[in-house]
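Below, each chain spelled out in residue letters.
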Amino acid sequence: MSALVAVAGATGRIGRRVTGLLAEAGAPVRALGRDQAKLDRLPTDDTRTASYDDAGGMRAALEGADTLFLVSAHEGPGRVRTHATVVDAAVVAGVRRVVYLSYLNAAPHATFTFARDHWHTEQHIRSTGVAFTFLRDSTYQADLAAMASPDGVLRGPAGDGRVGAVTHDDVAESAAAVLLAAGHEHDSATYDMTGPEALSFAEVAAALTAASGRTVTYVPETRDQAYASRAGYDAADWQVEGWVTSYEAVAVGEMDDVSDDVRTLTGHPPQAFADFLAANPRSYRHLLPH
């Protein structure tokens with residue numbers, strides 16, 4: 001019998017896709033999440049309710065699992081500590097491998113503040129001695145589409161930088177390929193999850209215009225303008241800083257990587273942004289007349 005894979009964050013956009021792909025392949029999969037009603041809608045009877053912050057509950061939920069697929073927790077000041085709680089619980093439970101959904105160019109001094117959390121999490125996983133694989137996501141194409149405001153403006157301090165955005169489907173298929181692989185071929189590997197091209201925000205706006213029929217424009221901002229334009233959201237300082245620095249990371253060239261790792265893992269090329277928009281009109285429905 002194949003080794004059991006536990007998917008933490010199984011009801012999210014990546015987790016539910018990975019759970020479905022593993023179940024479709026006939027692999028034993030246990031879905032972990034906080035909401036039992038959502039877990040019940042997944043294609044596996046093996047589910048456990050557990051919170052990332054609950055070490056005891058997570059340890060119990062991971063008993064018997066060989067591999068943990070760890071989808072990163074929601075952003076927040078304590079996210080690295082939260083990830084460490086899950087990883088440490090997995091080690092105590094006897095998990096032998098962690099596949100972690102990280103972020104492109106994760107580094108201790110990354111421009112994008114949330115990318116720093118991923119680097120520290122990677123370091124903690126390394127320190128435990130368990131086998132690991134890191135999948136470092138670029139920006140999601142669905143999120144690029146959502147960044148445009150309903151009035152057809154995409155604004156931020158991205159300058160003329162480029163981003164090699166990727167789809168949720170391509171990331172999920174890549175993760176499933178790693179999780180289903182026999183042996184240790186992916187141990188200690190880091191894969192960059194990107195699309196097939198790096199687009200400027202002006203090109204992103206042009207693609208949204210072509211798909212929606214609504215004129216979408218990119219308005220570059222300075223840092224001060226970016227903070228001012230987001231002041232009305234009444235968000236915490238750390239959250240606004242994350243929003244602004246996500247654009248600044250593009251401006252300084254930390255998001256323009258284009259990797260062939262999706263093709264290597266899945267056997268097919270990653271989806272281009274224009275093709276994603278054509279297949280997913282819901283991603284830009286906020287731009288369409290109501």
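Refer to the structure above for everything that follows.
Keep in mind that what you see is a predicted model, and the values were worked out from it rather than measured. (Residues numbered from 1 in each chain as written. Predicted model: local features only at pLDDT ≥ 70, side-chain atom pairs only at ≥ 80, totals over all residues. Heavy atoms only, no water.)

Colleague: Break down the packing of helix H1 (residues 15-24) against helix H7 (residues 168-180) for me, citing the residues and quoting the values.
Modeller: Where H1 meets H7, the axes come as close as 9 Å, and the angle between the chain directions of the two elements is 45°. Comparing their axes, H7 and H1 come out oblique. For the crossing formed where H1 meets H7, the hand is right-handed. Counting all contacts with H1, which are made through Arg17, Val18, Leu21 and Leu22, the residues of H7 involved are His168, Asp169, Ala172, Glu173, Ala175, Ala176, Leu179 and Leu180. Considering only residue class, the contact of H1 with H7 consists of 8 nonpolar, 1 polar and 3 charged. (Axes fitted to C-alpha atoms, helices over the stretch in contact; angles between N-to-C directions. Helix = DSSP H or I, 4+ residues; strand = E, 2+ residues; numbered from the N terminus. Parallel < 35°, antiparallel > 145°, perpendicular 65-115°, else oblique. Left-handed = near helix turned anticlockwise from the far one by under 90°. Contact = heavy atoms within 4.5 Å. Nonpolar A, V, L, I, M, F, W, Y, C, P; charged D, E, K, R; others polar.)

Colleague: Tell me about the environment of His118, and name the residues and values.
Modeller: When you line up the elements, His118 lands in helix H5 (residues 113-128). Judged by relative accessible area, His118 falls into the buried class, the value being 4%. In this structure, the C-alpha to C-alpha distance between His118 and Ala207, residues 89 residues apart in sequence, is 30 Å. If we ignore the near neighbours within four places in the chain, the residues touching His118 are Ser72, Arg79, Tyr100, Leu101, Ser102, Tyr103 and Ala106. (Buried < 20%, exposed > 50% of the residue type's maximum accessible area, 1.4 Å probe, protein only.)

Colleague: Got a sec to walk through the nonpolar core? Specific residues and values, please.
Modeller: By size, the foremost hydrophobic cluster in this structure holds 54 residues, and its most contacted members are Val18, Leu22, Leu62, Leu68, Phe69, Leu70 and Leu135. With 6 residues, H7 is the single largest residue contributor to this core. Non-local contacts of Phe69, meaning those with residues more than four positions away in its chain, are made with Ala6, Val7, Ala8, Ile14, Val18, Val99, Leu135, Ala175 and Leu179. Listed in part, the 31 residues of the second largest apolar core include Ala110, Phe114, Phe201 and Leu208. (Core = buried A, V, L, I, M, F, W, Y, C linked by side-chain atoms within 4.5 Å.)

Colleague: Break down the pattern of salt bridges for me, citing the residues and quoting the values.
Modeller: For the structure shown, the criterion picks out 11 salt bridges. One salt bridge connects Asp46 with Arg48, and the closest N-O pair in it is separated by 2.7 Å. The partly exposed category is assigned to Asp46, whose relative accessible area is 22%. Using a relative accessible area of 31% as the deciding quantity, one classes Arg48 as partly exposed. One salt-bridge network, held together by shared partners, links Arg30, Asp46 and Arg48. (Salt bridge = Lys/Arg side-chain N within 4 Å of Asp/Glu carboxyl O.)

Colleague: Give a description of the packing of helix H3 (residues 55-62) against helix H4 (residues 79-93) that names residues and reports values.
Modeller: At a minimum axis separation of 8 Å, H3 and H4 run at an interaxial angle of 45°. In this view, H3 runs oblique relative to H4, as classed from their interaxial angle. The crossing of H3 and H4 is right-handed. Two secondary-structure elements touch here, H3 through Ala55, Met58, Arg59 and Leu62 and H4 through Thr85, Val86, Ala89, Ala90, Val92 and Ala93. Of the residues in the contact of H3 with H4, the class split is 8 nonpolar, 1 polar and 1 charged.

Colleague: Got a sec to walk through H1? Specific residues and values, please.
Modeller: By the burial criterion, the buried members of H1 are Gly15, Val18, Thr19 and Leu22. Along the axis of H1, the buried positions cluster into a sector of 100°, meaning they face one direction only. Residues of H1 that are buried in the fold lie against strand S1 (5-8), strand S2 (29-33), strand S4 (67-71) and H7. Gly26, located one to two residues past H1, shows a positive phi value of around 80°. (Arc of directions from axis to C-beta.)

Colleague: Mind laying out the layout of surface pockets, listing which residues take part and the relevant values?
Modeller: Of the pockets and cavities examined, the second largest pocket occupies roughly 300 Å³. Lining the second largest pocket are 16 residues, and of these Ala3, Asp66, Thr67, Arg97 and Ala181 sit closest to its centre. For the lining of the second largest pocket, the residue count by class is 8 nonpolar, 4 polar and 4 charged. (1 Å grid on protein atoms, 1.4 Å probe; cavity = no way out; pocket = protein on both sides within 12 Å on 5 of 7 lines; lining within 4 Å. Points joined across faces, edges and corners; volume = space filled by probe spheres on them.)

Colleague: Please provide a residue-by-residue account of H5, values included.
Modeller: Helix length check: H5, at 16 residues, gives a terminal C-alpha distance of 24 Å against a target of 22 Å (1.5 Å per residue), a fit within 8%. Looking only at H5, the buried set comprises Thr113, Phe114, Ala115, Asp117, His118, Thr121, Glu122 and Ile125. Packing partners of the buried residues in H5 comprise H4, strand S5 (97-103), strand S6 (131-137) and helix H10 (237-251). The first or second residue beyond H5 is Gly129, which carries a positive phi of 90°. (Expected span 1.5 Å × (residues − 1).)

None of the figures reported here should be taken as evidence of function without further support.
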